[in-house]
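Listed here are the chains, written in short residue letters.
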Amino acid sequence: IKSIDLKTPTPQNSKMNNINLYKIERDLLLLSFVFTGFGHHFMGISLRLEYSTFLIFVVLIIQVFTRTLRIPRFLFYLLLFIFVQTFFINSSNLLHSRVISQFTGVALLAMTIFSFFSFYRNNLYDFAIKYYKVVYYIALFSIFQILFFLLFHISIIPQNLITGHVETGSSVFIPQIFGILPRNFGLSSEPANFAYILMPAVYLALNQLLNKESFIPYKEIYAWIIIISSILTFSVVAYFG
């Protein structure tokens with residue numbers, strides 16, 4: 001019986017490790033989408049990072065330790081252009097700590113997201129399908145929020161409940177459409193932000209409804225729920241998107 005050196009990963013073990021690592025990073029990124037509207041408060045206590053940003057930074061840490069972080073040339077030059085534009089041409093921002101932290105955050109977030117899709121390019125189909133399913137449940141919940149408000153005049157806004165802080169501009173739904181219907185924002189901070197999250201899923205939903213050979217493996221009700229949720233945002237961003 002040949003002995004196996006456990007310290008040297010076999011090709012099969014290495015492949016399994018990559019799959020498990022991909023799933024961890026994928027789920028963290030999808031959770032970051034879910035928590036985009038939760039800001040940086042918990043039970044009224046202000047946190048240093050937003051929920052969404054924190055989850056993406058966890059992915060960054062994983063990439064650093066697993067040596068899967070990628071910095072492409074075009075992204076480097078783009079960030080360099082933004083740096084020059086921000087700190088030299090607009091020199092009044094040079095020593096502004098908030099601007100420095102925001103630029104650093106944008107750079108790290110951009111590298112993290114690019115690295116994920118670059119390293120796991122063979123898993124893009126799986127990521128698209130998982131994203132579509134997550135957005136479906138968020139869209140379904142958002143429609144439930146509106147129906148519950150119309151029937152019982154009760155606003156269920158998890159963002160405000162969990163954070164202990166008004167993240168949505170108001171502690172309750174406001175009937176803005178014909179004085180009856182509130183604009184849909186799901187788990188986001190406002191309808192326009194919710195529209196940004198929905199737009200890729202709306203494209204996939206239209207693909208599912210209009211293409212007989214669509215790669216989406218779910219029932220058509222998924223597509224209709226996502227599209228209806230997008231329409232209920234009454235957002236120019238959603239409609240133009």
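Everything below is about the structure shown above.
Notes on the structure follow. (Residues numbered from 1 in each chain as written. Predicted model: local features only at pLDDT ≥ 70, side-chain atom pairs only at ≥ 80, totals over all residues. Heavy atoms only, no water.)

1. A closer look at the nonpolar core
Our working rule: Within this scheme, the nonpolar core is defined by two criteria: the residues are buried Ala, Val, Leu, Ile, Met, Phe, Trp, Tyr or Cys, and they are joined through side-chain atoms within 4.5 Å. Only protein chains enter the calculation, and the probe is 1.4 Å; a residue is then buried if its accessible area is under 20% of its type maximum, exposed if over 50%, and partly exposed in between. Put simply, DSSP H or I for four residues or longer makes a helix, DSSP E for two residues or longer makes a strand, and each gets a number counted from the N terminus. In this analysis, two residues are considered to be in contact whenever any of their non-hydrogen atoms come within 4.5 Å of each other.
If you look at the biggest cluster of nonpolar residues, it comprises 41 residues, and the most contacted ones within it are Phe127, Tyr131, Tyr132, Val135 and Ile226. Only helix 1 (11-34), helix 2 (51-66), helix 5 (124-152), helix 7 (191-210) and helix 8 (220-231) provide two or more residues apiece to this core. Among the elements that line this core, the one with the most residues is helix 5, at ten residues. Sequence-distant contacts of Tyr132, that is, excluding residues within four places in its chain, are made with Ala201, Leu204, Ala205, Gln208, Ile216, Tyr218, Tyr222, Ala223 and Ile226.

2. Focus: the environment of Phe173
Positionally, Phe173 belongs in the loop between helix 6 (158-163) and strand 3 (175-177). For Phe173, a relative accessible area of 4% corresponds to the buried category. Along the primary structure Phe173 and Ile156 are separated by 17 residues, whereas in three dimensions their C-alpha atoms are 8.5 Å apart. With residues near it in sequence (within four places) discarded, Phe173 still touches Gln145, Phe149, Ser155, Ile156, Ile157, Pro182, Arg183 and Phe185.

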